[in-house]
Amino acid sequence: MALLTHVLACIFGIGSWMSINGVWVELPVLVNVLPEGWYLPSYLIIIIQLANVGPLFITLMHKWKPGLLSEVLVICIVVSTGVVACFLLAFLWHYTMDFGGARHSVAFFILTFCLSLVDCTSSVTFLPFMARFHPRYITSYFIGEGLSGLVPALFALAQGAGISSCVEVAIPSNHTHRSNATLGNVSVGDPVPFRLETRYSPANFSSLVFFLILSGLMFSCLVAFFFLNRLPRVWDLSEQKLCASEITLHSIRKIPADGGLKEGFTNFPVEGKAESCSKEDEEGAPEKVVYSWTTLAFMYVLITWCSSLMYGVLPSVQSYSCLPYSNLAYHLSTTLGAMAVPLACSISTFLPSRSLAFLSVLAATGTAFGAYNMGMAALSPCPPLNHSEWGDALIVISWVLFNGTLAYVKVMLGVILRGHSQSALVWYGAMEQLGGLVGAVIMFPLVNVYSVFQSADYCSFRCPA
């Protein structure tokens, strides 16, 4: 029974953020088909931020009408919505319609909003439900939550999409006559003029299959929740005998949604777990570490800064940063970058560092990688080393290290604040959400209104020497 519960808790945790992570790692395929093109990531960032109305509503209902919402019913509705939205997305993602004087992917945006609503709402529903179980099962839940970014990234790599090549295509004769001003007069016997076009190699499976896989995984989350809800609670313990891991759980039950990937919280129970109760646990709660208001303010500024870069600023321009090199570079930067986040959380478990000086240096290093990514996006479509394998490698490595370093910083700041007070963790979530919102609001007009970043076809566009 114990092993079964661990497996069910892990599968349940995988469903927390898997759907929107799946949409994100599939973007390298979608940007080549949907009319928004390179603008698509910036739209997706705004949609994710708007979906925070879900956890906000749940939080307010628990605050003003406690007990009115059934926890089990809410989770059933939320996960079922994710299953249906993923299933519909498999068949409707490519449908477009005229809106606001331009062609837009309305179906994709609506269904993506539903998936974002599901994932953001999981922040305030899944953990309270898992609080019913013995704390040793919470670790399995958070392992699953970490895998929610890794699993879709592995499927995206298996899909094999993003490999493209430049193919010479003969220019039609009628187009040749119209282009004599630039090509010169073409006479009999002259070589036929060609132009380069981008051709994409077929993926191992289509986006339809990819979203159906996501739908199946979300359904497995629903099944795991069903069995978890029906398991007997024979292992419940008195809260007066909780170990460090139980104290950790109760300290994060009231944290609001963070508006993005929750790597800042996924490490808490792992960090606080114990094989047996220590003397400190037997005597009561762990000793709290008190920080001055200036130190707290510095940590909150650091959290806001890292969150704005990770959830708002850089994701909005990832297509402009990578696509000038190749579609494969974009594909690898999204998938490997998604894998870097749970990896950073795992590293923080085995190699933790509570030194604010070290975390500041690491945040500056991650910011430097972000500045490189932003610089390449600003120079699009002609960044340095484009059409070079070195350029492809550098941009992918930069994105992976950017995500990994800032994720580690956010995890460790969360661990530090956990030792201060429960309200410190509440402010952690608030600053994380604020950072993502500010970054998205700043970048959306720059990308979509003022067109600061330029796009171009990888093969047909030739940068000046």
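Reference entry: report on the structure contained in this document. Everything numeric in this text was worked out from a predicted model, so none of it was measured. (Residues numbered from 1 in each chain as written. Predicted model: local features only at pLDDT ≥ 70, side-chain atom pairs only at ≥ 80, totals over all residues. Heavy atoms only, no water.)

### Topic: the overall build of the protein
Scanning the protein from terminus to terminus reveals 22 helices and four strands. Counting all 465 residues of the protein, 52% fall into the buried class. About 20,800 Å² of surface is accessible on the protein, with carbon and sulfur atoms providing 68% of the total. (Helix = DSSP H or I, 4+ residues; strand = E, 2+ residues; numbered from the N terminus. Buried < 20%, exposed > 50% of the residue type's maximum accessible area, 1.4 Å probe, protein only. Areas by Shrake-Rupley, 256 points an atom, 1.4 Å probe, with all protein chains shown as cover.)

### Considerations on helix 2 (residues 18-25)
Across the eight residues of helix 2, eight count as buried, placing the element largely inside the fold. Within the span of helix 2, buried status applies to Met-18, Ser-19, Ile-20, Asn-21, Gly-22, Val-23, Trp-24 and Val-25.

### Side note on the pattern of salt bridges
Per the stated rule, a full pass over the model turns up three salt bridges. For Glu-71, the salt bridge goes to Arg-132, with nearest N and O atoms at 3.4 Å. Of the two residues, Glu-71 sits in helix 6 (residues 71-92) while Arg-132 sits in the loop between helix 8 (126-130) and helix 9 (136-159), which places them 61 residues apart along the sequence. The residue Lys-410 makes a salt bridge to Glu-432 at a minimum N-O spacing of 2.3 Å. In this pair, Lys-410 sits in helix 21 (residues 389-418) while Glu-432 sits in helix 22 (residues 422-448), placing the two residues 22 residues apart along the sequence. Pair check on accessibility: Lys-410 and Glu-432 agree, each one buried. (Salt bridge = Lys/Arg side-chain N within 4 Å of Asp/Glu carboxyl O.)

### Focus: a nonpolar patch on the surface
Judged by side-chain polarity, Val-84, Phe-87, Leu-88, Phe-91, Leu-92, Tyr-95, Leu-208, Val-209 and Leu-212 come together as a nonpolar surface patch covering roughly 710 Å² of accessible area. Listing elements by their share of the nonpolar patch, those giving two or more residues are helix 6 and helix 12 (207-230). Examining the composition of the nonpolar patch, we find that five residues originate from one element, helix 6, more than from any other. Relative to the helices and strands, Leu-212 is located in helix 12. In this structure Leu-212 comes out as partly exposed when scored by relative accessible area, which is 31%. (Patch = residues over 30% accessible without salt bridge, like charges linked within 9 Å, V, L, I, M, F, W, Y side chains within 5 Å.)

### Some thoughts on the environment of Ser-148
Mapped onto the secondary structure, Ser-148 falls in helix 9. Under the relative-accessibility criterion, Ser-148 is labelled buried at 3%. Between the C-alpha atom of Ser-148 and that of Gly-15, which follows or precedes it by 133 residues, the distance is 6.4 Å. Residue contacts for Ser-148: discarding those within four places in its chain leaves Gly-13, Ile-14, Ser-16, Trp-17, Met-18 and Asn-21. (Contact = heavy atoms within 4.5 Å.)

### Describing the side chain of Thr-334
Within the element layout of this structure, Thr-334 appears in helix 19 (residues 327-350). Only 2.8 Å separates the side chain of Thr-334 from the backbone oxygen of His-331, close enough to count as a polar contact. Ignoring sequence-local partners within four residues, the contact set of Thr-334 consists of Trp-24, Val-25, Pro-28 and Gln-318. (Polar contact = N/O pair within 3.5 Å; in protein donor to acceptor, adjacent residues only side chain to side chain.)

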